Amino acid sequence: MQPVGPYRFTHMLGTCPAGKAWAAIDGQGRLVTIAVLNAAVADAPGWREAFVGTANGLAQAPGGQTFAYADFSAAEPWVAYPAEAGPGAERLFRALGQDYQPVPTEGVPAAPVSGIPQQVSGVPQQVSGIPQQVSGVPQQVSGIPQQVSGVPQQVSGVPQQVSGVPQLTSGPPPAPWALHAGPPVAPNPNPAPAQPATDEPQPPAVGPVDAPPPHDPFAAPVRRIQPSAPPKRRTGLWVKVAALALAVAVGSGVAVWALAPDEPIDPDIPPTVGATAFPTAAAVDPPLKPWAQAAPYSPEERALAVAAPALVFVETVFTGYVRDASTNAPIRATPITFTRRCSAFVVTPDGHALTSSACVKPTQETARQIALDTVARMLVREQTLVPAQVQEYIRTNMGKTKFTGIDPGTEPGTEIHGQLNTAKGNLTTEPAIPAQVVRALPPDTGNIALIKLGRGSLPVAELNPSATLTDGSSLLIVGFATTDDDFRTATYGPKSKLVGITGTGRRGSASISRINQDLGTTSHGGIALDASGRVAGMIDQDQARPDRANRVIVPSSSLNALIGEAGTANKLGDSDKLYRKALDAYFAGQHSAAITQFDAVAQASPGNLLAKAYRQNAVERQQNESEPSDQSVWLMALLAGAGGAIFVGLIVLVVMLVRRRRDV
């Protein structure tokens, strides 16, 4: 058998009531072990879910068993484990409570030979091979030796009994027709009287005095036994046998090839690769590859694939003046500019997105503190202040200043831009999308904001307002992060991580959950996903921590309430629904349908790079899986032809042996 996937089976490793374990090799020559759940078992209620849950549980456990590849939606679900990690397939079945039986790796030993040793004429031939044990004690052989053909061999004395440990005899027992070789012996016309069998030597029998000497058939000068003429060469017979074997081989192969059923990759859906695969198009390289961030074909991969296209990088630039609170006089003649960067995600087809208020609309106190920090670092560059005095400068001037716009009574100017997929800092032109704040809640009542991007037809994430965030449960978080050190020219891309909930708290009247890890300083405003790829909450700063790390999850119920207060609602567009349908087809192995649907999504929503990437994956997977099916038909035909030829050869061999024995 061969499951869906880039593997070629080599041999079976073991079996259990629920399935089988196989050894296989991938396209790069790496060895794996594959656990395959039987189709009948997979159709039984609860078994497929148990198989998937056990594989994921083993992979997520500390020091657990991570699989390299899997297809849980196949008719016979399977999981592949790297061979260097040990017997992964066996561990999975044993974790399911199955009575796993390994397939023996050595042949069954030959049965011991017992009984009385038989006399064999001729010189014993040495036989190599694995020695087999002989049981039983050899018995004495008595009586007069019997005459055999060829040169008579003298037998003297009584055979001695063999004692001690039986010795090993190598090789298989001789064939029955090898015990008495040679032509039959001519009988003596005047045989001697029969002598009783005894252990003592008997004297020869004496005939009457006047009796003629016994007839000696070999004394006459005429040759009595004439050699037989050599058999006629049966050249014509062998030509007929060869022609018959060839005809059977070809006929068997053609019959198997003709009767082999066509196996369309996707039943009821005609393949569309030829019409839609653009061979000259460049390969798609999305910044987030769900199949690399999580185990392939796992729930984590699908959840990332569903929600990640809706993720947005947000950059807000604030411009204003730091003024003396009592005189309104600017403490610097030039305006002060600083930047805030974070994550967001689209929640409506017309461009509404959710993010953190601290990023796009911070409080006056927070904005003033950041502006004073900017002024202090200017003074350090001007050598008016030393770096060690920066924090003291901010603390001293916090109560004496305010941060305003161009006029004393106005708000500082803000400029917001969003970017999909890969983002560059300080970018205000295409592909950056301008945005504005629609509604924002302060930190003590939620710290969440709704912004409106200036472009529609963007991928949308679906909220799950009823999601429950309980202690000890796991979430998949997604947000923007960077590894660049230079803030001015940094490049940002989406990253994901599986985290655990460590506790709960409150932020005003709203509840929050705390997690044990974060993705970095720009991940607030990112997504916390449930197993289906819906939004369970939003990542935000933990204001109770000194480092204000992004380790808080604001629940989706609060997010949904803010959207409703702004007069809109979270909903999926037509391209979003089609994208999820295409993912369902892809993970179910229906590649032709997935390719067609991903094409339509890419045209309707150009910003969804994952739709293009998964379409590319579906094309490659369809091509990889079509090749083995063609090879299997030809291999079956070849084996059938060879089997037919061998069958004819065996029949001919039996006929020839029967004829030879009759001629003898």
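The written sequence of each chain sets the order in which its residues are numbered from 1. Totals for whole chains, interfaces and linings use every residue, but because this is a predicted model, local features are given only for residues with pLDDT of at least 70 and side-chain atom pairs only at 80 or more, for both listing and counting. Where side-chain values are given, they derive from all heavy atoms of the structure, hydrogens and water being excluded.

### Here's the deal with the overall build of the protein
Inference 1: Regarding its fold elements, the protein presents 14 helices and 20 strands.
Inference 2: Should any heavy atoms of two residues lie within 4.5 Å, those residues are counted as being in contact. Contacts in the protein between residues at least 24 apart in sequence constitute 65% of all its contacts with a sequence separation of at least 6.
Inference 3: Under the convention used here, a 1.4 Å probe and the Shrake-Rupley method define accessible areas, while residue burial counts only the protein chains that appear. Total accessible area on the protein stands at roughly 38,300 Å², and carbon and sulfur atoms take up 58% of it. Helix numbers and strand numbers start at the N terminus; a helix is a DSSP run of H or I with at least 4 residues, a strand a run of E with at least 2.

### Let's talk about the sheet that holds strand β4 (residues 69-71)
Inference 1: Only when DSSP finds a minimum of two bridges between them are two strands counted as paired. Here six strands make up an open sheet; going across it, the order is β4-β5-β3-β2-β1-β6 and the pairing antiparallel. The open sheet is flanked by β4 and β6 (101-102), the only strands paired with a single partner.
Inference 2: Sheet analysis places β4 next to strand β5 (residues 78-82), joined by three bridges and oriented antiparallel. Its bridge partner being in β5, alanine 70 is matched across the sheet by valine 79.

### Observations regarding the pairing of strand β14 (residues 448-453)
Inference 1: Of all six residues in β14, five are buried, a share of seventy percent or more.
Inference 2: Looking at chain direction, strand β9 (residues 352-356) and β14 are connected through five bridges and run antiparallel. Bridge pairing links leucine 354 to leucine 450 in β14.
Inference 3: Where strand β13 (residues 433-440) and β14 come together, five bridges link them in antiparallel fashion. Residue pairing for β14: arginine 439 is matched across the bridge by leucine 450. Buried residues are those whose accessible area, probed at 1.4 Å on protein chains only, stays under 20% of the maximum for their type, while exposed residues exceed 50% and partly exposed ones sit between those limits.

### Topic: the confidence of the model for the protein
Inference 1: Of the residues in the protein, 67% reach a pLDDT of 70 or more, and the chain-wide mean stands at 77.
Inference 2: Per-residue confidence from the predictor is reported as pLDDT, which spans 0 to 100. A low-confidence stretch, residues 107-212 stays under pLDDT 50, and its non-local contacts, those more than four residues away or across chains, total 53 contacts.
Inference 3: With pLDDT under 50 throughout, residues 215-225 is counted as low confidence; its partners more than four residues away or in other chains account for four contacts.

### Looking at the packing of aromatic side chains
Inference 1: Here is the rule: rings of Phe, Tyr and Trp (six-membered ring for Trp) pair when centre to centre is within 6.5 Å. Planes less than 30 degrees apart are stacked, more than 60 are edge-to-face, and the remainder are tilted. Inspection of the entire model under this criterion finds 21 aromatic pairs.
Inference 2: Seen from their ring centres, tyrosine 7 and tyrosine 69 are 5.7 Å apart, and the 75 degrees between their planes marks the pair as edge-to-face. With a gap of 62 residues between them, tyrosine 7 in strand β1 (residues 7-16) and tyrosine 69 in strand β4 connect regions that are remote in the sequence. No difference in accessibility class separates tyrosine 7 from tyrosine 69, as the two residues are buried.
Inference 3: An aromatic cluster is built from Tyr7, Tyr69, Trp78, Trp291, Tyr297, Tyr579, Tyr586, Phe587, Phe598 and Tyr614, whose rings are joined through pairwise contacts.
Inference 4: Seen from the ring of phenylalanine 487, arginine 341 lies directly overhead, with NZ or CZ sitting 3.8 Å from the centre.
Inference 5: For a lysine, the NZ atom is tested; for an arginine, the CZ atom; a charge sits over a ring if that atom is within 6 Å of the ring centre and within 35 degrees of the ring normal. Geometry around tyrosine 586 places arginine 621 over its ring, the cationic atom sitting 5.8 Å from the centre.

### Here we look at the environment of tyrosine 492
Inference 1: Here tyrosine 492 shows up in strand β16 (residues 491-507).
Inference 2: Using a relative accessible area of 4% as the deciding quantity, one classes tyrosine 492 as buried.
Inference 3: Counting along the chain gives 179 residues from tyrosine 492 to phenylalanine 313, while the straight-line C-alpha distance between them is 7.9 Å.
Inference 4: In contact with tyrosine 492, other than residues within four places in its own chain, are Phe313, Arg341, Asn421, Thr422, Ala423, Phe480, Ala481, Thr482, Phe487 and Thr522.
Inference 5: A distance of 2.9 Å separates the side chain of tyrosine 492 from the side chain of arginine 341, its partner in a polar contact. Between N or O atoms, a polar contact is any pair within 3.5 Å; within protein, one atom must be a potential hydrogen donor and the other a potential acceptor, and residues adjacent in sequence are included only when both atoms are from side chains.

### A look at the pairing of strand β19 (residues 535-540)
Inference 1: Counting buried residues along β19, six of its six residues qualify, which places the element largely inside the surrounding structure.
Inference 2: The antiparallel hairpin formed by strand β18 (residues 527-529) and β19 contains five residues in its connecting segment, where glycine 533 sits at a positive phi of about 90 degrees.
Inference 3: The sheet contact formed by β19 and strand β20 (residues 552-555) spans four bridges and is antiparallel. Residue pairing across strands places methionine 538 opposite valine 554, the latter belonging to β20.

### Some details on the packing of helix α2 (residues 47-60) against helix α3 (residues 88-95)
In a pair of packed helices, the angle between the axes and the distance between the axes together describe the arrangement.
Inference 1: Running from amino to carboxyl end, α2 crosses α3 at an angle of 120 degrees, the nearest separation of the two axes being 10 Å. Of the possible angle classes, the one that applies to α2 and α3 is oblique. For α2 against α3, the interelement crossing comes out right-handed. Within the contact between the two elements, α2 uses Phe51, Thr54, Ala55 and Leu58 and α3 uses Arg91, Leu92, Phe93 and Ala95.
Inference 2: In this count, Pro and Cys sit with the nonpolar residues alongside Ala, Val, Leu, Ile, Met, Phe, Trp and Tyr, while Asp, Glu, Lys and Arg are called charged and the others, Gly among them, polar. Split into classes, the residues belonging to the contact of α2 with α3 amount to six nonpolar, one polar and one charged. Throughout, an axis means a line fitted to C-alpha atoms (over the contacting stretch in the case of helices), and angles, computed between N-to-C directions, take values from 0 to 180 degrees. Throughout, the term roughly parallel applies to angles under 35 degrees, roughly antiparallel to angles over 145, roughly perpendicular to angles from 65 to 115, and oblique to all others. Take the far helix as your reference; a near helix turned counterclockwise from it by less than a right angle gives a left-handed crossing, and one turned clockwise gives a right-handed crossing.

### Section: empty space enclosed by the protein
Inference 1: Method remark: on a 1 Å grid restricted to protein atoms, a set of points is classed as a cavity if a 1.4 Å probe fits but cannot get out and as a pocket if it is open with protein on both sides within 12 Å along at least five of seven lines; lining residues have an atom within 4 Å of a point. Grid points are joined across faces, edges and corners, and a volume is the space filled by probe spheres set on the points. With the rule as written, the count across this model stands at two cavities of 30 Å³ or more.
Inference 2: Space inside the largest cavity adds up to approximately 100 Å³.
Inference 3: Residue lining of the largest cavity: Pro286, Pro287, Leu288, Ala308, Pro309, Leu311, Leu420, Asn421, Phe480, Pro494 and Leu610, and that is the complete set.
Inference 4: Each residue belonging to the lining of the largest cavity can be placed in one class, and the counts come to ten nonpolar, one polar and no charged.
Inference 5: If you go around the second largest cavity, the residues you meet are Val306, Pro309, Pro459, Val460, Ser575, Asp576, Tyr579, Arg580, Val601, Ser605 and Asn608.
Inference 6: By residue number, the principal contributor to the lining of the second largest cavity is helix α12 (residues 574-587), which donates four residues.
Inference 7: Looking at the lining of the second largest cavity, its residues break down into six nonpolar, three polar and two charged.

### Details of the side chain of glutamine 419
Inference 1: Inspection of the secondary structure puts glutamine 419 in strand β11 (residues 413-420).
Inference 2: Residue classification places glutamine 419 among the buried residues on the basis of a relative accessible area of 2%.
Inference 3: Residues within four places of glutamine 419 in sequence aside, it is in contact with Leu311, Val312, Phe313, Lys424, Leu427, Ala432 and Phe480.

### Let's talk about the nonpolar core
As a rule of thumb, nonpolar side chains are buried together in soluble globular proteins.
Inference 1: By nonpolar core we mean a set of buried residues, namely Ala, Val, Leu, Ile, Met, Phe, Trp, Tyr and Cys, connected to one another through side-chain atoms within 4.5 Å. In terms of nonpolar packing, the biggest core is built from 60 residues, with Ile34, Phe345, Leu559, Tyr579, Phe598 and Tyr614 touching the most fellow members.
Inference 2: Top contributing element to this core by residue count: α12, with six residues.
Inference 3: Residues in contact with tyrosine 614, not counting those within four places in the same chain, are Pro290, Trp291, Glu301, Ala305, Tyr579, Leu583, Tyr586, Phe587 and Phe598.
Inference 4: Counting residues in each nonpolar core, the second largest holds 20 residues, with Cys16, Ala35, Val41 and Phe67 among its members.

### Here we look at the pattern of salt bridges
Inference 1: The term salt bridge refers to a side-chain nitrogen of Lys or Arg lying within 4 Å of a carboxyl oxygen of Asp or Glu. Applying the stated criterion to the full structure yields 17 salt bridges.
Inference 2: Across the salt bridge formed by arginine 302 and aspartate 584, the nearest N and O atoms sit 2.2 Å from each other. Taken as a pair, arginine 302 in helix α7 (residues 299-307) and aspartate 584 in helix α12 lie far apart in primary sequence, 282 residues in all.
Inference 3: On the basis of relative accessible area, arginine 302 is assigned to the partly exposed category, the value being 24%.
Inference 4: Notably, a salt bridge pairs arginine 534 with aspartate 530, separated by 3.9 Å at the nearest N-O pair.

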